[in-house]
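Results of the structural survey
Here is what each chain is made of, one letter per residue.
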Amino acid sequence: MRRAVWLVVVALLAMGYAARAADNFPSRPITIIVPFAAGGPSDAMARILAERMKLALGQAVVIENVTGAGGSIGVGRAAHAAADGYTISFGHLGTHVCNGAIYKLNYDLLDDLEPVALLPSNPMIIVSKDDVPAKSLAELLAWLKSKPTPATAGTAGAGSGSHIAGLYFEQAAGVKLQFVPYRGTAPALNDLVGGQIDLIVDQISNSINQVRAGTIRAYAITQENRLPQAPDVPTVDEAGLPGFHMTLWSGLWVPRGTPKEVVARLNAATEAALNDPSVKKQLENLGLQMPDRDKSAPEALGAWQRAEIAKWWPLIKAADVKVE
Ligand code: ASP
């Protein structure tokens, strides 16, 4: 009996402690783990948001790039962190959906992570090094088909957004590519500009400044409408690959078991950042598209992630993607 009373007292004290910790949250800096290289599209979006989130949270929000294995190393680090809101996992369709069908993960994407907020999405853009002898998507496809060996396509690793987009492109265009994995599309883009690889089916926010500067060649955007930020680049429908549509949405998660109040604070800080006109301008200038307002709750990201798992896992399993 005495033992039972003690157990109740200890449980109540623990609950009180957790509630106070949630009330005082955050009382120290927060880390967002970006699972790709610094300077790439995930990193850029996370840094723009973190700058504004720190104002809402009253604490520093630092970015840690933990790269490798298509982002699964960084996501694993976050999934195994303490469930206290101080470690956030940044990711996207690749890391938080497709990787579950490609890798033997030591975490479960749904059971070990708790959704915080849906972030902007990135249309993809087909880009090549400048000396590829093609001026249009039709010419690029003809060149790819005529090559005796497959063209090289940079990716951020098996299961990354650029890899999934590349696989989808192979299928839609009826071509074969030789994928070259990097720790993110920032180093892949450097090699594209330097001419070491032939192309990337890239996130627009990664390539847009090089396209504007004319250092690489852009062929088409993977959505129905042209982007005002890159009005000269045709859509895939205009350029000869009708229906090859893909946007890469992103999001934030915390370890499962994080107190509800803490998730709500992080969600509110993310929303404050997304609604800030100067943040919005920076993101939109990179070609990113803001999430719908009715998808701002953590539950909306959870429902979306589940729906995307149902859609993509069968396709990826059928494609039998090999981990490099
Ligand atoms: N998110 C990118 C991809 O999946 C990589 C990166 O952010 O560097 O291709």
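What this report covers is the structure whose coordinates are included nearby. (Residues numbered from 1 in each chain as written. Predicted model: local features only at pLDDT ≥ 70, side-chain atom pairs only at ≥ 80, totals over all residues. Heavy atoms only, no water.)

Description of the overall build of the chain
Note the cut-off: By the criteria applied, helices consist of DSSP H or I runs no shorter than four residues and strands consist of E runs no shorter than two, each listed in order from the N terminus. With the radius of gyration taken over C-alpha atoms, the globule rule is written as 2.2 Å times the number of residues to the power 0.38. Residue exposure (1.4 Å probe, protein chains only): buried if accessible area is under 20% of the type maximum, exposed if over 50%, otherwise partly exposed. The protein chains shown are the only cover counted for residues, whose accessible areas, like all others here, come from Shrake-Rupley with a 1.4 Å probe.
From N to C terminus, the chain includes twelve helices and nine strands. Taking 324 residues into account, the globule formula puts the C-alpha radius of gyration at 20 Å, and the chain, at 21 Å, falls close to it. With respect to the three principal axes, the spread of C-alpha positions in the chain is 80 × 40 × 30 Å. Split into buried and exposed, the 324 residues of the chain put 53% on the buried side. Within the structure as shown, the chain displays about 14,100 Å² of accessible surface, and the carbon and sulfur contribution to it stands at 55%.

What to know about the packing of helix 2 (residues 41-57) against helix 10 (residues 260-275)
Note the following rule: Axes here mean lines fitted to C-alpha atoms, for a helix over just the part in contact, with angles spanning 0 to 180 degrees between N-to-C directions. Should an angle lie under 35 degrees it is considered roughly parallel, over 145 roughly antiparallel, and from 65 to 115 roughly perpendicular; all remaining angles are considered oblique. Two helices that cross are described as forming a left-handed crossing if the nearer one is turned anticlockwise from the farther one by less than a right angle, and a right-handed crossing if clockwise. Residues are treated as being in contact if the distance between any of their heavy atoms lies within 4.5 Å.
Contact geometry of helix 2 with helix 10 gives a least axis separation of 8 Å together with a crossing angle of 125°. The angle between the axes of helix 2 and helix 10 places the two elements in the oblique class. For the element pair helix 2 and helix 10, the recorded crossing hand is right-handed. Of the residues in helix 10, those in contact with L49, R52, M53, A56 and L57 of helix 2 are R265, L266, A269, T270, A272, A273 and L274.

Observations concerning the side chain of K129
Mapped onto the elements, K129 comes out in strand 4 (residues 113-129). Overall, K129 belongs to the buried group, its relative accessible area being 15%. Apart from residues lying up to four places away in sequence, K129 is in contact with L192, G195, I197 and D198.

Focus on the site of the ligand
Under the convention used in this document: By convention in this text, a residue qualifies as near a molecule or strand provided that one of its non-hydrogen atoms is within 4 Å of it. N or O atoms closer than or at 3.5 Å make up a polar contact, with two conditions inside protein: a donor-capable atom paired with an acceptor-capable one, and, for residues adjacent in sequence, both atoms drawn from side chains. Three classes are used, and their members are as follows: Ala, Val, Leu, Ile, Met, Phe, Trp, Tyr, Cys and Pro are nonpolar, Asp, Glu, Lys and Arg are charged, and the others, Gly among them, are polar.
F36, P41, S42, H92, A156, S160, G161, S162, G184, T185 and Q203 make up every residue found near the ligand. Backbone polar atom of G161 to an oxygen atom of the ligand: 2.7 Å apart, as the coordinates give it. Side-chain polar atom of Q203 to a nitrogen atom of the ligand: 3.2 Å apart, as the coordinates give it. Contact with the protein chains hides 100% of the accessible area of the ligand, taken as 270 Å² for the molecule alone. When residues of the shell around the ligand are traced back to their parent elements, those giving at least two are helix 2 and helix 6 (161-173). Grouping the amino acids of the shell around the ligand by side-chain chemistry returns three nonpolar, eight polar and no charged.

Some words on the packing of helix 7 (residues 185-193) against helix 8 (residues 204-213)
Contact geometry of helix 7 with helix 8 gives a least axis separation of 10 Å together with a crossing angle of 25°. Judged by the angle between their axes, helix 7 and helix 8 are roughly parallel. When the axes of helix 7 and helix 8 are compared, the crossing they make is right-handed. Residues T185, A186, L189 and V193 of helix 7 pack against N206, S207 and Q210 of helix 8. For the contact of helix 7 with helix 8, the class distribution of residues is three nonpolar, four polar and no charged.

Quick look at the packing of aromatic side chains
Stated formally: Working definition: rings of Phe, Tyr and Trp (its six-membered ring) pair if their centres are within 6.5 Å, and the pair is stacked with planes under 30 degrees apart, edge-to-face with planes over 60 apart, and tilted otherwise.
Taken as a whole and judged by the stated rule, the model has five aromatic pairs. Look at F169 and F244: their rings are 5.8 Å apart centre to centre, the planes differ by 50°, and that puts the pair in the tilted class. Of this pair, F169 sits in helix 6 while F244 sits in the loop between helix 9 (236-239) and strand 9 (247-255); the two residues are 75 residues apart in sequence, bridging distant segments of the chain. Here W249 and W304 contribute two aromatic rings whose centre-to-centre distance is 6.2 Å and whose plane-to-plane angle is 65°, an arrangement assigned as edge-to-face. With a gap of 55 residues between them, W249 in strand 9 and W304 in helix 12 (residues 298-319) connect regions that are remote in the sequence. A relative accessible area of 30% means that W304 is categorised as partly exposed.

Regarding helix 5 (residues 137-146)
Heads up, the condition is: The arc in question is formed by the directions pointing from the helix axis toward the C-beta atoms.
Buried within helix 5 are the following residues: L137, L140, L141, W143 and L144. For helix 5, the angular spread of buried residues about the axis comes to 160°, placing them on one side. Facing away from the buried surface of helix 5 by more than 90 degrees, the exposed residues are A138, K145 and S146.

Description of the environment of D202
Locating D202 in the fold gives a position in strand 7 (residues 199-203). D202 sits 161 residues away from P41 along the chain, and the two C-alpha atoms are 9.3 Å apart. Of the polar contacts made by the side chain of D202, one reaches the side chain of S207; its length is 2.5 Å.

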